[in-house]
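Descriptive structure summary
Each chain, letter by letter, is given below.
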Amino acid sequence: MNGRSAVRIVPMELSDIPQVVEIDRLSFPLPWSAGSYKHELTASQASHFIVAVDSAERFQPGFLARLMGREPARKVAGYAGFWFMVDEAHINALAVHPARRRQGIGDLLLVTLLRQALDLGAVMATLEVRVSNQAAQNLYRRYGFEEAGRRPRYYRDNSEDALLLTVEFDSAQREQVLARSQALQS
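Just so it is clear, the model here is predicted, and its values are computed rather than measured. (Residues numbered from 1 in each chain as written. Predicted model: local features only at pLDDT ≥ 70, side-chain atom pairs only at ≥ 80, totals over all residues. Heavy atoms only, no water.)

**Some points on the overall build of the chain**
Regarding its fold elements, the chain presents six helices and seven strands. The order of helices and strands in the chain, counted from the N terminus, is β-α-α-β-α-β-β-α-β-α-β-β-α. Counting across all 186 residues of the chain, residues that qualify as buried make up 43%. Taking as baseline every contact in the chain between residues at least 6 positions apart, the subset at least 24 positions apart corresponds to 67%. (Helix = DSSP H or I, 4+ residues; strand = E, 2+ residues; numbered from the N terminus. Buried < 20%, exposed > 50% of the residue type's maximum accessible area, 1.4 Å probe, protein only. Contact = heavy atoms within 4.5 Å.)

Listed below in structure tokens is the structure:
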């Protein structure tokens, strides 16, 4: 079973925050706080966050512990989010647990975000990515993101530059996202 078929994408819930914070901590030098995620889920009208959770949880290892409340009700493999403003989606978060990387989960999270943005009427999407993060850049470029600029010394931990990537959803790009979304979710 590949990683994509082992997860399903659902809206992030408050109960997911501890696992999301842990994935964030394992993935980034400057992780968001639990309070930041709580704010995004409860107070921000512009926020849209999703998680990839294991889809076959019943009768898997840990089922009884989950049933008794000793483990989270669902296991988060990755998360992603964007802010939607006017007609633009700004992707502000995307990470997959290190043990679950290279299984297509990041691809599924990204295409789900883009599909949601299109459904809201987005005509473009933007994001920042570290200049050194080639794996993420490769993922974004598969969906038509192109470099629109550079933010010098954007990251506080090491003063690394960020690439500003954008994609405009013309009809061809829209069709690519829809086709890729359908292929990944089937």
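**Brief notes about the nonpolar core**
In terms of nonpolar packing, the biggest core is built from 35 residues, with Ile91, Leu110, Leu114, Tyr140, Tyr143, Phe145 and Phe169 touching the most fellow members. By residue number, the principal contributor to this core is helix H4 (residues 105–120), which donates nine residues. Counting 13 residues, the second-largest nonpolar core is a separate cluster that includes Met12, Val20, Tyr37 and Val51. (Core = buried A, V, L, I, M, F, W, Y, C linked by side-chain atoms within 4.5 Å.)

**Here's the deal with the pairing of strand E3 (residues 76–85)**
Within E3, eight of the ten residues are buried, which leaves it mostly tucked inside the rest of the structure. With seven bridges joining them, strand E2 (residues 47–54) and E3 adopt antiparallel strand pairing. Residue pairing across strands places His48 opposite Phe82, the latter belonging to E3. In this structure, the hairpin formed by E3 and strand E4 (residues 88–96) is closed by a connection of two residues, where Val86 is found at a positive phi of approximately 60°. (Pairing = 2+ DSSP bridges.)

**Considering the layout of surface pockets**
The computed volume of the largest pocket comes to approximately 1200 Å³. In terms of lining, the largest pocket is formed by 38 residues, of which the most central are Phe28, Leu94, Asn133, Ala136 and Tyr140. The dominant element in the lining of the largest pocket, judged by the number of residues it contributes, is E4, at seven residues. The residue makeup of the lining of the largest pocket, split by class, is 21 nonpolar, eight polar and nine charged. (1 Å grid on protein atoms, 1.4 Å probe; cavity = no way out; pocket = protein on both sides within 12 Å on 5 of 7 lines; lining within 4 Å. Points joined across faces, edges and corners; volume = space filled by probe spheres on them. Nonpolar A, V, L, I, M, F, W, Y, C, P; charged D, E, K, R; others polar.)

**Quick look at the side chain of Asn92**
Its location among the elements puts Asn92 in strand E4. Every residue in contact with Asn92, bar those within four places of it in the chain, is listed here: Trp32, Phe49, Gly81, Phe82 and Trp83.

**Describing the confidence of the model for the chain**
For the chain, mean pLDDT is 90; residues scoring 70 or higher make up 88% of the total. Within the chain, E3 carries the highest mean pLDDT (98), whereas helix H3 (residues 63–67) carries the lowest (54). (pLDDT = per-residue confidence, 0-100.)

**So, the environment of Leu41**
Looking at the secondary structure, you find Leu41 in helix H2 (residues 34–42). Overall, Leu41 belongs to the partly exposed group, its relative accessible area being 27%. Each C-alpha atom, one on Leu41 and one on Pro11, is 9.7 Å from the other, the two residues being 30 residues apart in sequence. Among all residues touching Leu41, those that are not within four sequence positions of it are Met12, Glu13, Leu14, Ile17 and Phe49.

**Things to note about unusual backbone geometry**
The backbone phi angle of Arg102 is positive, close to 65°, even though this residue is not glycine. Following the sequence through the fold, Arg102 ends up in the loop between E4 and H4. On the basis of relative accessibility, which here comes to 87%, the residue Arg102 falls in the exposed class. The backbone of Ser159 shows a phi angle near 60°, a positive value even though the residue is not glycine. Within the secondary structure layout, Ser159 lies in the loop between strand E6 (146–151) and strand E7 (162–168).

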